[in-house]
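Architecture and fold: a report
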Amino acid sequence: MSISQAIEKVEARYAHQPEFIQAVKEVALTIAPLYDAHPEYETLKVFERLVEPDRVICFRINWENDKGEIEVNRGWRVQFCNALGPYKGGLRFHPTVNQSVLKFLGFEQIFKNALTGLPIGGGKGGSDFDPKGKSETEIRRFCYAFMRELHHYVNKDIDVPAGDIGVGSREVSYMYAMYKNLTRESTGVITGKGVGFGGSLMRTEATGYGAVYFLESMLAAQNEDIKGKKVLVSGAGNVSLHAAEKVCMLDGIVLTVSDSKGTLYDEKGLNQEKIDWLKKQKEQSKPLAEYVDVFGGEWLAGKKPWQFKADIIIPSATQNEVDEEDAKQLVENGIRYVVEGANMPLTADAIDYIRLHHVHYAPGKAANAGGVAVSALEMSQNSVRQYKTHEQIDSRLKIIMKNIHDSAAEASEEYCQTKDGYIDYMSGANMVGFKRVADALVAYGILN
Ligand code: NDP
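Note that the coordinates shown come from a computational prediction; the quantities given were computed from them, not determined experimentally.

1. With respect to the sheet that holds strand β4 (residues 122-127)
Taken together, the five strands give an open sheet; going across it, the order is β1-β2-β4-β3-β5, and neighbouring strands pair in mixed fashion. Each edge of the sheet is formed by a strand with only one pairing partner; in this case those strands are β1 (55-64) and β5 (159-162). Mean inter-strand twist for the sheet, computed between neighbouring axes without regard to direction, equals 20°. Pairing of strand β3 (residues 87-93) with β4, which is carried by three bridges, proceeds in the parallel orientation. Bridge assignment links Leu-91 to a residue of β4, and that residue is Gly-125. Across the sheet, helix α7 (residues 136-150) lies against β1, β2 (70-81), β3, β4 and β5, angled at about 140° from β1, the strand it touches most.

What follows is the structure, given as structure tokens:
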């Protein structure tokens, strides 16, 4: 079955899963030259196999709210592909979570994890539980109840979850505590644990910092650097604030952050004091808008950050937050680099538009792979029960991000007919990630 036939099959079978179809097409449409060069992929139906998860586990979570009432949520774990190692990918708690969203994230995760060069397969999970407005004890009860179900399916050698939207170190600690309680094992079954009880240094910073390390390589490939460049960041969570922090450390100028309520614009740019304030504000679930009273700037209620003139954007909030209209505005405003901190933050039309206009574009599976890479380093530290220093992890992260950049750039050069030094990171990253997984599947025969 050819790739186009496999896409048609996915579209027919999963018509009700638009995000998943979007993610499959994004990969499929870029790997054709590689697929054609390897007839064994088609013989062994590699693509058709890869678009079907190994399994989707779906479970009910009963928990008790502060009023003593029973609440019922749905939980999932998508174990997508373990060709390269244990399933690995985060857990998302957000009311928009459904099977389509988790399958898109799990599918992306397979290739992202392959790009890191580390032995990890792809998975994703989560729940439609909405942490917003819940008390500390409700969050704790929910996390315990979630792991009470999930622990049947995960294990340090089988499937190792982590955090994502709505799941930070607090939630990871609660889930880890329940896992230990039920299994009596102190293992690396979940990553993002607190430093001091199994967590790795730099895991919190890794995704945002890693995205900026990737950006540095992109700029270097065009003989530029980040100093003095204006950057628009979206989101005000883990990825966004650490990406903003690293840009500031490298003397770039971060003009915006945002959240689901609106955008904060500070024409003077953020600095460490402002970022520390923002981290604290979000930790306490307080409004971003209060920034204006403390530091000045402008709060734009209900608006996205894409209306301002700048050089670079790092969309780091959620999927499909940049549409075609936004893309037109970005091009008009002179944006030359797009680095995806979030997973699939650009719609397919937005990607087409910016690529057509030669905006340098780093897809999430390459640019935000730093988080899962340090998670894999956490797994190996847990296995040997020895911990690395901040400097050791940071230098490993830099090397991993540079390797991802360079391998994607090399694949772009080998397979894509681009001109004037433009690097097709999207096709390059998809081909490198896909090839590593496909070659393992070919070696295994028809198992896996
Ligand atoms: P967080 O929960 O820490 O932060 C998410 C941020 O995005 C918040 O500011 C949130 O605002 C905002 N946001 C969420 N949904 C929307 C929406 N629909 N519209 C506007 N703003 C929104 O999540 P992370 O920073 O961990 O994750 C962000 C993205 O990065 C996700 O796509 C995730 O999959 C991806 N990612 C995360 C990794 C990690 O290590 N954490 C690793 C790789 C990818 P509010 O608080 O108002 O909801």
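From this point, things continue past the structure.
2. Looking at the environment of Ser-240
For Ser-240, the location among the structural elements is in helix α10 (residues 238-249). Residues Ser-240 and Phe-104, 136 residues apart in the sequence, show an inter-C-alpha distance of 21 Å. Residues in contact with Ser-240, not counting those within four places in the same chain, are Val-233, Ser-234, Gly-235 and Ser-316. Among the polar contacts listed, one links the side chain of Ser-240 to the backbone nitrogen of Gly-237, at a separation of 3.3 Å. A polar contact of 3.4 Å, which involves the side chain of Ser-240, links it to the backbone oxygen of Ser-316.

3. Regarding the site of the ligand
Around the ligand, a shell composed of 24 residues is seen, among which Lys-132, Asp-164, Thr-207, Ser-260 and Asn-343 lie nearest. One of the side-chain N or O atoms of Ser-260 is found 2.5 Å from an oxygen atom in the ligand. Summarising the interface, the protein chains cover 81% of the accessible area of the ligand, which totals 890 Å² for the free molecule.

4. Points about the nonpolar core
Ranked by internal contacts, the top residues of the largest apolar core, which has 59 residues, are Phe-214, Leu-270, Leu-278 and Ile-314. A per-element tally of this core places helix α9 (residues 203-221) first, with nine residues. Leaving out residues up to four positions away in the same chain, Ile-314 has contacts with Val-212, Leu-215, Val-231, Leu-232, Val-233, Ser-234, Ala-243, Val-247, Val-339 and Gly-341. Core analysis: the second largest hydrophobic core is formed by 41 residues, Val-10, Ala-23, Met-431 and Phe-434 among them.

5. Examining the packing of aromatic side chains
Within a pair of aromatic rings, the relevant descriptors are the distance that separates the centres and the angle that separates the planes. For the coordinates displayed, the defined rule picks out 25 aromatic pairs. Seen from their ring centres, Phe-47 and Phe-434 are 6.3 Å apart, and the 45° between their planes marks the pair as tilted. Here Phe-434 lies in helix α18 (residues 425-444) and Phe-47 lies in helix α5 (residues 46-50), a separation of 387 residues in the sequence. We note that Phe-47, like Phe-434, is buried. Look at Phe-93 and Phe-146: their rings are 5.1 Å apart centre to centre, the planes differ by 70°, and that puts the pair in the edge-to-face class. On the criterion of sequence distance, the pair formed by Phe-93 in strand β3 and Phe-146 in helix α7 is long-range, its members being 53 residues apart. Taking relative accessible area as the criterion, Phe-93 reaches 1% and is therefore assigned buried.

6. Description of the side chain of Arg-203
Relative to the helices and strands, Arg-203 resides in helix α9. Setting aside chain neighbours within four positions, we find Arg-203 in contact with Gly-192, Gly-371, Val-372, Val-374, Ser-375 and Glu-378.

7. Considerations on the pairing of strand β8 (residues 262-265)
Sheet topology note: the strand β7 (residues 253-259)/β8 ladder contains four bridges and is antiparallel. Residue pairing in the sheet places Val-257 in a bridge with Leu-264 of β8. Relative to strand β9 (residues 298-301), β8 runs antiparallel, the two sharing four bridges. Bridge pairing links Thr-263 to Leu-300 in β9.

8. Description of the sheet that holds strand β10 (residues 312-315)
Where strands meet in a sheet, backbone hydrogen bonds hold them as pairs that are either parallel or antiparallel. Taken in spatial order, the seven strands make up an open sheet running β9-β8-β7-β6-β10-β11-β12, and their pairing is mixed. Bordering the open sheet on either side are β9 and β12 (360-362), each of which pairs with just one other strand. This sheet shows a mean twist of 15° between the axes of neighbouring strands, independent of strand direction. Along the sheet face, α10 touches β6 (230-234), β7 and β10 and points at about 175° away from the line of β7.

9. Focus: the side chain of Lys-365
Position of Lys-365 among the secondary structure elements: in helix α15 (residues 364-367). With relative accessibility at 0%, the residue Lys-365 sits in the buried group. For Lys-365, the residues in contact, after removing those within four places along its chain, are Glu-26, Val-27, Glu-108, Phe-111, Lys-112, Leu-115 and Asn-430.

The rules behind these values
Residues numbered from 1 in each chain as written. Predicted model: local features only at pLDDT ≥ 70, side-chain atom pairs only at ≥ 80, totals over all residues. Heavy atoms only, no water. Pairing = 2+ DSSP bridges. Helix = DSSP H or I, 4+ residues; strand = E, 2+ residues; numbered from the N terminus. Axes fitted to C-alpha atoms, helices over the stretch in contact; angles between N-to-C directions. Contact = heavy atoms within 4.5 Å. Polar contact = N/O pair within 3.5 Å; in protein donor to acceptor, adjacent residues only side chain to side chain. Near = heavy atom within 4 Å. Areas by Shrake-Rupley, 256 points an atom, 1.4 Å probe, with all protein chains shown as cover. Core = buried A, V, L, I, M, F, W, Y, C linked by side-chain atoms within 4.5 Å. Buried < 20%, exposed > 50% of the residue type's maximum accessible area, 1.4 Å probe, protein only. Phe/Tyr/Trp six-rings, centres within 6.5 Å; stacked < 30°, edge-to-face > 60°.

Honestly, that's just the spatial picture; any functional story needs more than this.
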